[in-house]
Amino acid sequence: MTTDADARRAELAANLEAVRDRITRALEQAGREDEPHLVVVTKFFPASDVDLLVDLGVTDIGENRDQEASAKAAEVADRARVMLHFIGQLQSNKAASVARYADVVQSLDRPKVVTALDRGAQEAGRVLDVTLQVSLDDATGRGGVAPGEARALADLVAGTDALRLRGVMAVAPLGSDPRPAFARLREVSDAVRRDHPDATWVSAGMSGDLEEAVAEGATHLRVGSAILGSRQSHR
Ligand SMILES: *Cc1c(COP(=O)(O)O)cnc(C)c1O
């Protein structure tokens, strides 16, 4: 007998394989041999999907809203086997909450949030891996530090007790070629690494533009809909 869970597992497995094939082809095209980390973005989808993904070998998941992420972190069956990346806009009043369950915070973009997250992590007795979210367009509202301010923010993070600076992250601007945007992110990454050689992560690339991100040296891809399906139908 085929249950709904079996059907969903098969669907996720097929989608994961298709995404892994895309990554493999992109690596070949780019002449790269180092495999990027795949962070599967599970926002809007239930903890049961996370359980299936973990079973299928996924080690990293991404969430973008505190309330949903914290509930899901508590619900996931094998929490210790999965790294939870917080990738959404972070307000300083949510930082203490996020510090309790996230393993990685990718979306640090303001001094005030750095301070709040550091304090939250210390209170929780934890050390968090973080990346700086860099703004690659002039439009406001999507978050991110301006490229020219990234090095100063990196210094601030490096001076905290409970945050470990791992690198940079960005979302490509809407409606324009992602490749030059990701090239820009790579330049910011180079600049940050001059002062902080261990900050090697470059998180870029989503369902629609992972090939361009791989071509520009992404070490982490954040892929949601290509694996879980359209979020629209699940709202
Ligand atoms: C939702 C989200 C993703 C995943 O987007 P898809 O297009 O579904 O792959 C990646 N990064 C961030 C910051 C997101 O909010």
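Treat the numbers as computed from the prediction; the structure is a model and nothing was measured. (Residues numbered from 1 in each chain as written. Predicted model: local features only at pLDDT ≥ 70, side-chain atom pairs only at ≥ 80, totals over all residues. Heavy atoms only, no water.)

K.L.:
Explanation requested: the pairing of strand β1 (residues 37-41) in the structure shown.
P.N.:
Across the five residues that make up β1, a large majority, four, are buried. Alignment of β1 against strand β8 (residues 220-223), held across four bridges, turns out to be parallel. Across the sheet, residue histidine 37 finds its bridge partner in β8, namely histidine 220. Two elements, β1 and strand β2 (residues 60-63), share three bridges in a ladder whose sense is parallel. Paired with valine 40 across the bridge in β2 is isoleucine 61. Handedness of the crossover joining β1 and β2 through helix α2 (residues 47-55): right-handed. (Buried < 20%, exposed > 50% of the residue type's maximum accessible area, 1.4 Å probe, protein only. Helix = DSSP H or I, 4+ residues; strand = E, 2+ residues; numbered from the N terminus. Pairing = 2+ DSSP bridges. Right-handed = clockwise from strand over helix to strand, strands pointing away.)

K.L.:
I tried to follow the side chain of lysine 72 on my own but got confused; where do I start?
P.N.:
Within the secondary structure, lysine 72 is located in helix α3 (residues 66-75). Separated by 2.6 Å, the side chain of lysine 72 and the backbone oxygen of phenylalanine 45 make a polar contact. (Polar contact = N/O pair within 3.5 Å; in protein donor to acceptor, adjacent residues only side chain to side chain.)

K.L.:
Help me understand the pattern of salt bridges, please; the structure alone is not making it clear to me.
P.N.:
Side-chain pairs of opposite charge can arise where the charged atoms are in close proximity. Counting across every chain of the model gives 18 salt bridges. Between aspartate 49 and arginine 8 there is a salt bridge whose closest N-O contact spans 2.8 Å. In this pair, aspartate 49 sits in helix α2 while arginine 8 sits in helix α1 (residues 4-30), placing the two residues 41 residues apart along the sequence. Given the relative accessible area of 4%, aspartate 49 is considered buried. Its relative accessible area of 14% is what places arginine 8 among the buried residues. One salt bridge connects arginine 126 with aspartate 103, and the closest N-O pair in it is separated by 3.3 Å. (Salt bridge = Lys/Arg side-chain N within 4 Å of Asp/Glu carboxyl O.)

K.L.:
Just checking my understanding: could you explain helix α7 (residues 178-195) for this structure?
P.N.:
The periodicity of an α-helix, 3.6 residues per turn, causes residues three or four positions apart to be oriented the same way. Its 18 residues give α7 an end-to-end C-alpha distance of 27 Å, which sits within 8% of 26 Å, the value for a rise of 1.5 Å per residue. Every buried residue of α7 is listed here: Pro178, Ala181, Phe182, Leu185, Val188, Ser189, Ala191 and Val192. Viewed along the axis of α7, the buried residues span an arc of 165 degrees, placing them on a single side of the element. Packing partners of the buried residues in α7 comprise α6 (150-158), β6 (163-169), β7 (201-203) and α8 (210-215). (Expected span 1.5 Å × (residues − 1). Arc of directions from axis to C-beta. Contact = heavy atoms within 4.5 Å.)

K.L.:
What's the story with the site of the ligand in this structure? I'm lost.
P.N.:
The local shell around the ligand consists of Val41, Lys43, Ile87, Met169, Val171, Met206, Ser207, Arg222, Val223, Gly224, Ser225 and Arg231. Contacts to the ligand include glycine 224, whose backbone N or O atom sits 2.8 Å from an oxygen atom. Measuring from an oxygen atom of the ligand, one finds a side-chain N or O atom of arginine 231 at 2.7 Å. Contact with the protein chains removes 88% of the 390 Å² of surface that the ligand exposes when unbound. Comparing atom positions with the cavity grids shows the ligand to sit within the largest pocket. Tallied by class, residues from the shell around the ligand come to six nonpolar, three polar and three charged. (Near = heavy atom within 4 Å. Areas by Shrake-Rupley, 256 points an atom, 1.4 Å probe, with all protein chains shown as cover. 1 Å grid on protein atoms, 1.4 Å probe; cavity = no way out; pocket = protein on both sides within 12 Å on 5 of 7 lines; lining within 4 Å. Sits in = over half its atoms within 2 Å of the grid points. Nonpolar A, V, L, I, M, F, W, Y, C, P; charged D, E, K, R; others polar.)

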